[in-house]
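# Observations on chain architecture
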Amino acid sequence: MGDTIRRLWNWRASPTARWGLGTIFAAGGIAGVILWGSFATVLEYTNTPKFCISCHEMGDNVGMEWMQSAHYKNASGVRAVCADCHVPKNLAAKLWRKTLAVNDIYHHLLGTIDTPKKFEAKRAELAEHVWARMKASDSRECRSCHSYDAMDFHKQTARAQEKMKEGLEEGKTCIECHPGVAHKRPPRDD
């Protein structure tokens, strides 16, 4: 019995002839930190405007529109970047959205929207996809910055007050009334 315990103790201290258990755990911990740090860095880099508008499809089209919108330059000096509107904050939802973005890479490689003419031909379809995602999430990304509770209705125009209160009462989501807020609004069928 004593011999069995000694062998187990020796295996725990040195599961291999070359490496001890402590060394293996320390190396695994360091590797885990490096891998997670690298993953998080890449994830955050892909949320930057520099990355988002690095492909000419975005840079030449919607990127320029964003730079002319109130989300880019405004009186308060608060800038919403691409990820603020298009990528959820919650990690699970963010990873799912990033997974779906593989489709964007696929179409970039195919050249689906690589000219302004091709982009304009697909603009309405692309916008409808984004609007549907935003509506399905109750405009979650909009609401990460905008809140009915924080709105000072008295500082809004009479028409804006009326429409915002109407939207609130009807349970509308932001994107239903503000679909062209940062980009040129394509014509809608409805």
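Residues numbered from 1 in each chain as written. Predicted model: local features only at pLDDT ≥ 70, side-chain atom pairs only at ≥ 80, totals over all residues. Heavy atoms only, no water.

## Quick notes on a nonpolar patch on the surface
Taken together, the side chains of Trp 36, Phe 39, Leu 91 and Leu 95 make up a nonpolar region of the molecular surface, amounting to roughly 380 Å² of accessible area. When contributions to the nonpolar patch are tallied by element, the ones reaching two or more residues are α2 (21-45) and α6 (91-100). Tracing the backbone through its elements, the reader meets Leu 91 in helix α6. Residue classification places Leu 91 among the partly exposed residues on the basis of a relative accessible area of 41%. (Patch = residues over 30% accessible without salt bridge, like charges linked within 9 Å, V, L, I, M, F, W, Y side chains within 5 Å. Areas by Shrake-Rupley, 256 points an atom, 1.4 Å probe, with all protein chains shown as cover. Salt bridge = Lys/Arg side-chain N within 4 Å of Asp/Glu carboxyl O. Helix = DSSP H or I, 4+ residues; strand = E, 2+ residues; numbered from the N terminus. Buried < 20%, exposed > 50% of the residue type's maximum accessible area, 1.4 Å probe, protein only.)

## Considerations on the confidence of the model for the protein
Detailed reading of the predicted coordinates is not advisable wherever pLDDT is low. Looking at the protein as a whole, the pLDDT averages 87, with 93% of positions reaching at least 70. Looking at the elements of the protein, mean pLDDT is at its lowest for helix α1 (residues 2-13), recorded as 71, and at its highest for α6, recorded as 93. (pLDDT = per-residue confidence, 0-100.)

## A closer look at the packing of α2 against α6
Two measures define how a pair of helices packs: the angle their axes make with one another and the distance between the axes. Relative to each other, α2 and α6 sit at 70 degrees, their axes nearing to 12 Å. As summarised for this structure, α2 and α6 are arranged roughly perpendicular, according to the angle between their axes. Crossing of α2 over α6 shows left-handed handedness. On α6, the residues touching Trp 36, Phe 39, Leu 43 and Glu 44 of α2 are Leu 91, Lys 94, Leu 95 and Lys 98. Grouping the constituent residues of the contact of α2 with α6 by class yields 5 nonpolar, no polar and 3 charged. (Axes fitted to C-alpha atoms, helices over the stretch in contact; angles between N-to-C directions. Parallel < 35°, antiparallel > 145°, perpendicular 65-115°, else oblique. Left-handed = near helix turned anticlockwise from the far one by under 90°. Contact = heavy atoms within 4.5 Å. Nonpolar A, V, L, I, M, F, W, Y, C, P; charged D, E, K, R; others polar.)

## What about the packing of aromatic side chains?
Within a pair of aromatic rings, the relevant descriptors are the distance that separates the centres and the angle that separates the planes. Under the counting rule described, the total for this entry stands at 3 aromatic pairs. For the ring pair Tyr 45 and Phe 51, a centre distance of 5.7 Å and an interplane angle of 70 degrees mean the geometry is edge-to-face. A cation over a ring is seen here: Arg 79 above Tyr 72, with NZ or CZ 3.7 Å from the ring centre. Sitting over the face of the ring of Phe 153, Lys 165 holds its NZ or CZ atom 5.4 Å from the ring centroid. (Phe/Tyr/Trp six-rings, centres within 6.5 Å; stacked < 30°, edge-to-face > 60°. Lys NZ or Arg CZ within 6 Å of the ring centre and 35° of its normal.)

## What about unusual backbone geometry?
Non-glycine residue Asp 138 carries a positive phi angle of around 55 degrees. Relative to the helices and strands, Asp 138 is located in the loop between α8 (116-136) and α9 (140-143). In this structure, Ser 139 is a non-glycine residue whose phi angle is positive, near 50 degrees. With respect to the helices and strands, the residue Ser 139 is situated in the loop between α8 and α9.

## Looking at the pattern of salt bridges
Side chains that carry opposite charge are capable of pairing whenever their charged atoms lie near each other. A full pass over the atoms with the stated rule returns 12 salt bridges. The partner of Glu 120 in a salt bridge is Arg 123, and the shortest N-O contact between them spans 3.1 Å. Highlighted residues: Glu 120 and Arg 123, both in helix α8, separated by 3 residues, approximately one helical turn. We classify Glu 120 as partly exposed; its relative accessible area is 36%. For Glu 141, the salt bridge is made with Arg 140, and the minimal N-O distance between the two is 2.7 Å. With a relative accessible area of 8%, Glu 141 lands in the buried category. Overall, the relative accessible area of 38% leaves Arg 140 in the partly exposed class.

## Focus: the state of the cysteines
Under the defined criterion, the tally for this structure stands at 0 disulfides. A disulfide-free cysteine, Cys 55 has its sulfur positioned 8.6 Å from the sulfur of Cys 52, the nearest such atom. Free cysteine Cys 174: the closest other cysteine sulfur is in Cys 142, separated by 4.5 Å. (Disulfide = S-S within 2.5 Å.)

## Comments concerning the side chain of His 71
Relative to the helices and strands, His 71 resides in the loop between α4 (56-67) and α5 (82-86). Relative accessible area serves as the criterion here: at 18%, His 71 is assigned to the buried category. With sequence-adjacent residues up to four places away left out, His 71 is seen in contact with Trp 66, Val 78, Arg 79, Ala 80, His 146, Val 181 and Ala 182.

## Focus on the packing of α6 against helix α7 (residues 102-110)
As a packed pair, α6 and α7 sit with axes 4 Å apart at the nearest point and diverge in direction by 20 degrees. Relative to α7, α6 is oriented roughly parallel. Residues Arg 97, Lys 98, Thr 99 and Leu 100 of α6 lie in contact with α7, whose contacting residues are Val 102, Asn 103 and Asp 104. When its residues are assigned to classes, the contact of α6 with α7 shows 2 nonpolar, 2 polar and 3 charged.

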